[in-house]
Each structure stands twice: as structure tokens, then as C-alpha cells.
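A structural walkthrough
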Amino acid sequence: MRPIKHLFGIADLDREQIEYLVNLGDSFIDINRRSLKKAPTLRGKTIINLFFENSTRTRTSFELAGKRLSGDVINISASTSATTKGETLLDTGQTLAAMQPHVLVIRHSLAGTCEFLAEYLDNTAIVNAGDGAHEHPTQILTDLLTLKQVWGSPEGKVITIVGDIAHSRVARSHLLAAKKLGYTMRVVAPKTLLPSQIERYGCEVFHDFDAALPGSDAVYMLRIQTERLTDSCAFPSVREYHEAYGLNARRLRSAGPDCIVMHPGPMNRGVEIATDVADSAKSHILSQVEHGVAVRMAVLTTLCGGTGEEA
Ligand code: NCD
């Protein structure tokens, strides 16, 4: 397998690397379920989480992943970093790299932040924990681990992703993964929430949610990324949005009995997803969260040069 030095996006990974990380993540699930949640895999390794955007799941799961594998983990958020005192992103990156961490996990609102910093930081592996509307590779690896548990393989399946496709790094990374792993993505959104030339990803495009549901193996709901909306007219009212693009029990039934529900979180109940659907037996939303820790264990282990065998 081609070595994985940094994790910038799904775009840089080939199928073998994606499957390797998902399978390694699978082998870590068990540690998180034990009463003694500790393995020596990352002993002596330092991981810095540098978050310039808010996060519950991603930041916590990177922290737990590092700590449960015995790494030393430091968390820095934008509000407590010296960027609030006028320091540039590059200076912050170089300052942290001078302290010799093995891995820097970065979330930032600007697309390409990780690639930019990697040019200047020599001995530090960089993980993209979400860069603007660009990519969110560890979320997709998390989802693929969830799908592996349910289906074995996503190959040949149809995943219908619904909502603010235009501003979603999760949607973009999934579209890239689908091509590499051989599953079909149907994207559903009003025209105002679809990026131009979306068809070049090889996906099926729908504006009518009901038309996209029959034949879907999974329905993947997205939050409206209000923090990235520049056009306040991008969608009508919350009520109208829910009517047209919200997942409710009636819609889920029309997708067929085996269709599962996914969401990367955070959910907006009553907007993109009805409460009874979010809490139903078909919802895998909390398994996605659980698998997020295991997959981030796999990513940190790999970037620190390990194989996970010690665990
Ligand atoms: C997503 C993100 O940050 O891109 N959340 C996550 O990491 N689980 C999706 C979102 O914020 O809507």
C-alpha cells in the first residue's frame, strides 16, 4: 500500500488506503467498549488538536482516540489561541510544530488549510478535521466503518444525501469516496443549495426528495450550514424546507424496509430530520459517533507509523 503521510482528503486516498483505514478502525471498536479503555499504541506520541471552528463529535473523538491509545493529546481552540492576538495561521502552525508533535489535527473554515500548512511544517503529520466546504475525510471513513458493520461493503449500494450539498464538506468527500469504492450517490437539494457542475462527480441529481427515495439503501441527511450561507434567500422558511426536504416517517417508508438513516451531526430536529426518524431503529446516527472514535484511532496510529498490532 502507498504510505499515508498526511490525511488531507478522500481525494488523495486510493481504494486500498481507504479500506485499510476502515478495517483498522474496525479492529479498534472493541477497545472503546471495554471497561479498561487503554492500549499502548501511541505511547510517546504527541497529538495536537487545533480547532478554529466549533465541534463536538470530531474534536472529542480525536481526543479520546489519542488518549485511549496512550498518546499525549493537547486541544487548542481558536478562541483560546494567539490568533485572537493577531498571529497568523502560519505562525501558529510553525509555533506548534516547533514543539515537535507527531500529529497536528486541524479544523478551519478555509479550504486547503492543511495542504498550505504542510508545505511549511516538515516533521508533523497533518490531519484534516474539516476545512471549509472542502473535505472532511475522517467523517467519511467513520461512515464507511458504519456501513461495513451493516452491509459488509458499500459496493453497488445507493446512498441518497439530502440538504445543503453546496456548503457540505461531508457531501463532497462522500462523492469522491463513492467513485473510488463503487457506490452510487444520489444528491437531493433545492437548486440554491447545489454546487454548480455537481454532475461531474458522477452522481444522480434530484430536486424532488420523494422521487429519489425508492431504491435508496441509505438516506444521509445534512444540516443547513448556516455559518457558510452568504445568500439569505438560499431556502424559504424552516417549515417549508422541512416539508420539501425533511426526512419524516412517511418518506422513510417509501424508501423500502431495509433503508437506513445516517447524519454526521449536529442534527437540527424538525428541520432536516423529524424526531421520530432520528430516534428510530433505522437510525445509525449514534453508531456513526461511536465508530468515529475507532476510525480516528486508526488514522492517528497510521500517521504515527504504527500498524495497530500492539493494541
Ligand atoms: C460536520 C462538519 O463539521 O462538517 N459535522 C461533523 O464533523 N460531524 C457536519 C456539520 O457541521 O453539519
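Quantities reported herein were computed from a predicted structural model and do not represent experimental measurements.

This next bit is on helix α1 (residues 15–33). Its 19 residues place the ends of α1 28 Å apart at the C-alpha level, agreeing with the 27 Å of an ideal helix rising 1.5 Å per residue. Roughly 30 degrees is the biggest bend found in α1, and it falls at serine 27. Among the residues of α1, Gln17, Ile18, Leu21, Val22, Leu24, Gly25, Phe28, Ile29, Ile31 and Asn32 are the ones counted as buried. Lining the buried residues of α1 we find α2 (57–68), α5 (137–151), α6 (169–181) and α11 (285–303). Its side-chain oxygen 3.2 Å from the backbone nitrogen of glutamate 16, aspartate 14 forms the N-cap of α1.

A full pass over the atoms with the stated rule returns 16 salt bridges. A salt bridge links glutamate 63 to arginine 59; its shortest N-O distance comes to 3.3 Å. Pair noted here: glutamate 63 and arginine 59 are both in helix α2, with a separation of four residues, about one helical turn. Its salt-bridge partner being glutamate 227, residue arginine 228 comes within 3.8 Å of it at the nearest N-O pair. A residue is classified by how much of its surface remains accessible, and arginine 228, at 14% relative accessible area, is buried. A cluster of three or more residues bridged by salt bridges with shared partners is formed by Glu53, Arg169, Arg223, Glu227 and Arg228.

Moving on: the side chain of glutamate 53. Note that glutamate 53 resides in the loop between β1 (46–51) and α2. The buried category is assigned to glutamate 53, whose relative accessible area is 15%. One polar contact links glutamate 53 to arginine 169, side chain to side chain, over a distance of 3.0 Å. A distance of 2.8 Å separates the side chain of glutamate 53 from the side chain of arginine 228, its partner in a polar contact. Ignoring any residue separated from it by four or fewer positions in sequence, one finds glutamate 53 in contact with Arg107, His108, Ser109, Arg169 and Arg228.

As assigned here, the protein comprises domain 1 (10–136 + 289–303) and domain 2 (137–288). Using C-alpha coordinates to define each centre, domain 1 is positioned 25 Å away from domain 2. Contact with domain 1, which involves 36 residues of that partner, is made by 31 residues of domain 2. Buried surface at the junction of domain 1 and domain 2, both sides included, amounts to about 2,800 Å², of which 58% is carbon and sulfur. The largest contributions to the domain 1 side of the interface with domain 2 come from Ile10, His136 and His291, which together make up 25% of the buried area. Put simply, domain 1 and domain 2 have four salt bridges between them. Elements that contribute at least two residues to the side of domain 1 that touches domain 2 include exactly α1, α2, β3 (103–108), β4 (125–131) and α11. In terms of residue count, α1 provides more of the side of domain 1 that touches domain 2 than any other element does, nine residues in total.

What counts, and at which threshold
Residues numbered from 1 in each chain as written. Predicted model: local features only at pLDDT ≥ 70, side-chain atom pairs only at ≥ 80, totals over all residues. Heavy atoms only, no water. Helix = DSSP H or I, 4+ residues; strand = E, 2+ residues; numbered from the N terminus. Expected span 1.5 Å × (residues − 1). Bend = angle between axes of the 7 residues up to and from the residue. Buried < 20%, exposed > 50% of the residue type's maximum accessible area, 1.4 Å probe, protein only. Contact = heavy atoms within 4.5 Å. Polar contact = N/O pair within 3.5 Å; in protein donor to acceptor, adjacent residues only side chain to side chain. Salt bridge = Lys/Arg side-chain N within 4 Å of Asp/Glu carboxyl O. Domains from an automatic or database assignment. Buried area = accessible area lost by both parts, 1.4 Å probe.

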